[in-house]
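Now for the letters of each chain:
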Amino acid sequence: MIQFEKFQLDNGLKVLVHQDTSTPMAVVNVLYNVGAKDEDPAKTGFAHLFEHLMFGGSINIPVYDEPLQRAGGENNAYTTNDLTNYYCQIPAENIETAFWLESDRMLSLAFSKKSLEVQRKVVCEEFKEHYINKPYGDAWHKMRSLAYSKHPYRWMTIGASLSHVEDATMQDVKDFFFQFYRPNNAILVVTGNVQTEQVKQLAEKWFGPIEAGTPYVRSLPKEPVQEKSRTMDVRADVPLDMLMMTWHMGGRFDEGYHATDLITEVLGGGTSARLYEQLIKVKQIFSSIDCYHFGTVDPGLLVIEGKLVKGISMTVAEKAVLEEVEKIKNEILDAKEVQKVINKTESVICFEDMSIMNRAHSLAFYELLGDADLMNKELSLYQKVTPAMIQQTAKQIFQDTNRNTLYYYSKS
Amino acid sequence: MAVDRIVAPIIKDAIDFDIQLKPYQKFALDNGVEVYAYEGGSQEVLLVDMVFDAGNTYEEKNWVAAATNFLLKNGTSTKSSFEITDAFEFYGAHLNRTCTNETATVTLHCLTKHFEEVIPLMGEIISQATFPEKEIAILKQNQIQRLLLNLKKGDFIANRLIDEYLFGFEHPYGKYSVEQDYKNINREDLVAFYDKYYKQGKCVIFIAGKFPSNIEALLNKHIGQLALNKKEIKEQIHPIVSATQKKYSIVNDAASVQGSIRLARPFPNRHHPDFPAAQVLNNIFGGFFGSRLMSNIREDKGYTYGIHSYLQNYKHAGAWMVSTDAGKDVCKATIEEVYKEMKKLRETLVEPDELKLVKNYMLGALLGDLDGPFQIISRWKSYLLNDLTADYFYNTIQVVREVQPEQILALANTYLKEEDFYELVVY
């Protein structure tokens with residue numbers, strides 16, 4: 001049970017505080033309700049590029065990192081399709097430094113031309129390092145554009161193409177900032193050795209004077225129900241054939257969400273999971289195989305992907321995966337297997353909640369979903385999942401018409 | 001009155017913090033195996049780390065140590081591979097294996113309430129593993145495929161080669177496996193290695209988290225009766241043979257859009273008196289986001305997504321390493337900039353302000369690194385396995401607090417000389 005207190009400033013900034021006096025540290029986490037899904041399809045990769053620019057100096061502070069490091073702090077950030085999250089960990093005694101820095105870059109960036117020029121290059125190198133200069137690095141670009149026709153999940157956070165990042169202009173940067181980086185579109189979470197009163201005071205002092213922006217009303221195109229199985233062939237200079245399949249699944253608010261999460265555990269969670277045991281160990285069709293999903297806010301994808309043992313044909317591999325998929329649809333799980341995946345989930349939650357950093361991330365994420373206290377209710381929602389719910393959800397998801405398959409062949 | 005946003009809030013310098021490494025508790029099991037324990041944390045979880053003298057320094061054939069370590073849980077005299085994994089996973093427990101140069105570990109993470117159910121299994125795999133032929137065959141096959149995949153990656157190739165240049169292929173720090181090594185292994189190799197280095201091997205245990213009240217009795221029952229720590233395991237000493245050629249450029253993939261750059265020189269281990277101050281110099285140079293390499297090569301020039309330098313601190317020897325992946329057309333320029341930064345450190349005293357920032361950053365980060373029971377025991381483990389004591393910890397802090405620009409300059413003149421560095425680019 002993670003205790004927290006919550007209040008809101010007049011400018012709409014939501015603030016959450018979780019106290020833990022056993023640590024000398026504090027975490028200041030600012031989540032902005034903007035992700036790659038909010039981008040213009042002609043300017044993708046922007047939310048992520050923007051995350052880089054947030055370190056390029058703000059209106060009153062030329063360099064973000066320096067004062068933080070001087071105060072003994074460390075920071076980082078990440079961008080997903082749904083959100084952008086910034087966090088710093090700092091000795092609790094120096095927490096005001098984090099408020100000063102975070103509030104100044106919410107007030108306004110410096111919009112330095114040099115920073116934009118350099119970060120465009122840095123992101124292009126990141127793009128190359130992770131998505132071009134890496135075997136199968138383009139697989140997810142291809143899969144997303146295959147599986148989604150309308151919803152902005154069809155592109156990656158890094159962007160649909162290098163040129164979108166290269167072409168970003170200063171006007172784009174300013175527009176994006178004043179549309180999304182406003183207090184009423186953000187959640188501030190402070191965890192660690194802090195008092196609520198102290199956080200209230202600091203939040204009022206540093207974030208209170210920042211003006212609210214026009215509320216962002218998200219209206220994203222809905223992905224139409226897929227009606228036909230889709231496939232794509234790729235041939236590339238990779239050593240092994242890879243098979244990647246996805247099925248559309250519900251979003252974070254879907255009533256089948258927890259059952260879906262457990263389905264991925266049954267199939268792909270660890271080396272006692274079904275795909276590993278059957279397809280790697282017993283049948284030796286794959287040399288590696290995984291089943292997972294991204295836990296996206298909007299309807300996402302359930303994924304099975306694996307590399308084939310050399311000499312095994314794609315047809316054989318696909319058939320073997322589909323057999324496992326059929327099994328989970330047609331045979332009800334025994335109670336012990338369900339208990340296992342629930343136990344595993346309980347364990348994952350306990351280990352995740354060990355650090356004040358993870359607690360801050362979770363509180364911010366669940367508050368974004370509507371209520372931070374959801375984080376304390378998660379386990380009970382998993383515990384309510386029954387074998388029948390798993391079977392029913394599997395039947396809904398694992399339909400051929402709902403499937404996207406990428407056959408990624410080795411040229412050699 | 002409007003808040004003053006120009007002037008930074010007053011801070012307490014991290015160099016003035018009283019940083020303590022909280023002590024461990026220690027007890028011995030009936031068979032003499034020592035247990036180092038740190039109890040604490042907010043969650044009902046714990047970890048048990050069994051460390052064996054079973055790293056690849058002890059193997060006579062490449063890959064035997066790693067394969068033995070990996071297959072520990074793939075079959076015992078009473079359970080199949082699946083039954084073992086399923087039993088751990090049923091309780092949400094994780095059993096990880098890692099094999100490094102000197103040691104190999106078996107690590108259990110579990111909920112405190114399930115410790116009693118899973119600890120017998122841990123005892124079983126380190127005393128009754130059977131290494132079934134079928135499991136070995138599957139591992140070999142998958143390992144060869146994984147290697148094929150990794151050999152397509154420039155950074156993988158670069159990491160292997162730079163270690164080979166530094167330590168020589170005959171040294172555990174410099175050797176690596178090729179496809180034939182995987183094929184050469186047979187069951188007898190693994191069983192013999194297991195008998196000597198696990199079953200009757202030398203073991204030390206680290207535990208941390210929230211403990212069940214009978215943890216000592218449970219460890220004694222399931223681990224304390226095994227035939228561990230009976231025979232002496234002699235430490236293996238291998239000579240270091242560094243390469244004579246210093247510069248290498250290798251084309252692994254003609255279509256590559258980046259080059260993996262590694263610059264490295266040999267460096268002593270943590271027992272050397274220069275080590276703590278060298279850590280300060282390393283941070284200034286390339287050890288954190290605000291370092292000179294990062295500021296110049298990423299934040300000013302945009303040549304790379306990231307560039308880092310670090311002190312590789314193995315037990316008996318180490319290296320000073322600079323590592324980055326940069327755009328193909330700017331690899332040469334990147335290397336030139338690295339050398340320029342070394343030259344600057346050799347010739348110009350670091351400004352007191354920059355030095356103070358680095359000191360504060362290092363000690364603030366250290367405070368954060370010691371936050372939590374797993375972090376504390378992991379720090380102790382790293383010290384104890386390398387024959388270091390709490391003195392090393394407090395001495396390092398003192399050096400970080402007190403080191404002066406003149407010492408930094410002198411160290412740079414000793415260690416950051418272009419001609420001492422191996423230079424490798426893999427495209």
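Since the model is a prediction, treat every value here as computed from it, not as a measurement.

A.B. asks: Let's hear about the domain arrangement of chain B: which residues, and what values?
C.D. replies: Residues and elements named next belong to chain B. Domains assigned within chain B are domain 1 (25-222) and domain 2 (247-426). For domain 1 and domain 2, the distance between their C-alpha centroids amounts to 30 Å. Taken residue by residue, the interface counts 25 residues in domain 1 and 27 residues in domain 2. Mapped by element, the contributors of at least two residues to the side of domain 1 that touches domain 2 are β2 (34-39), β3 (45-52), α5 (154-167) and β6 (203-209). At nine residues, α5 tops the list of elements feeding residues into the side of domain 1 that touches domain 2.

A.B. asks: How would you summarise the interface of chain A and chain B if you had to cite specific residues and measurements?
C.D. replies: Accessible area lost during the coming together of the parts is what is often quoted as the interface size. Taken together, the contact pairs 62 residues of chain A with 56 residues of chain B. Listed by contribution, the elements that provide at least two residues to the side of chain A that touches chain B are α2 (65-70), β5 (84-91), α3 (95-107), α4 (113-132), α8 (196-206), α10 (274-282), β9 (286-293) and α12 (335-352) of chain A. No other element matches the eight residues that α4 of chain A contributes to the side of chain A that touches chain B. Its residues assigned to classes, the side of chain A that touches chain B shows 20 nonpolar, 19 polar and 23 charged.

A.B. asks: Which residues make up the pairing of β6 of chain B, and what values go with them?
C.D. replies: Residues and elements named next belong to chain B. β6 sits mainly inside the fold: six of its seven residues count as buried. Alignment of β2 against β6, held across six bridges, turns out to be parallel. The partner of Val35 across the bridge, within β6, is Ile205. In the sheet, β3 pairs with β6 via seven bridges, with the strands oriented antiparallel. Bridging across to β6, Leu47 finds its partner in Ala208.

A.B. asks: Which residues make up the sheet that holds strand β7 (residues 230-236) of chain A, and what are the values?
C.D. replies: Residues and elements named next belong to chain A. The five strands lie next to each other as β7-β11-β8-β10-β9, forming an open sheet whose pairing is mixed. This sheet does not close on itself; its edge strands, each paired only once, are β7 and β9. Neighbour-to-neighbour, the strand axes of the sheet open up by a mean angle of 10°, direction not taken into account. The pairing of β7 with strand β11 (residues 403-410) spans seven bridges and is classified as parallel. Across the sheet, the residue bridging to Asp233 is Tyr407, located in β11. α10 rests against β9 and β10 (301-308) of the sheet, and its axis sits at about 160° to β9.

A.B. asks: Can you break down helix α1 (residues 46-53) of chain A residue by residue, with the values?
C.D. replies: Residue and element names in this part refer to chain A. Of all eight residues that make up α1, eight are buried, and the element is covered over most of its length. The complete set of buried residues in α1 reads Phe46, Ala47, His48, Leu49, Phe50, Glu51, His52 and Leu53. Those residues of α1 that are buried lie in contact with β4 (74-79), β5, α4, α6 (162-166) and α7 (170-180).

Rules behind the numbers
Residues numbered from 1 in each chain as written. Chains lettered and ligands numbered in written order. Predicted model: local features only at pLDDT ≥ 70, side-chain atom pairs only at ≥ 80, totals over all residues. Domains from an automatic or database assignment. Contact = placed C-beta atoms within 7 Å. Helix = DSSP H or I, 4+ residues; strand = E, 2+ residues; numbered from the N terminus. Nonpolar A, V, L, I, M, F, W, Y, C, P; charged D, E, K, R; others polar. Buried ≥ 20, exposed ≤ 12 C-beta atoms within 10 Å, placed from the backbone. Pairing = 2+ DSSP bridges. Axes fitted to C-alpha atoms, helices over the stretch in contact; angles between N-to-C directions.

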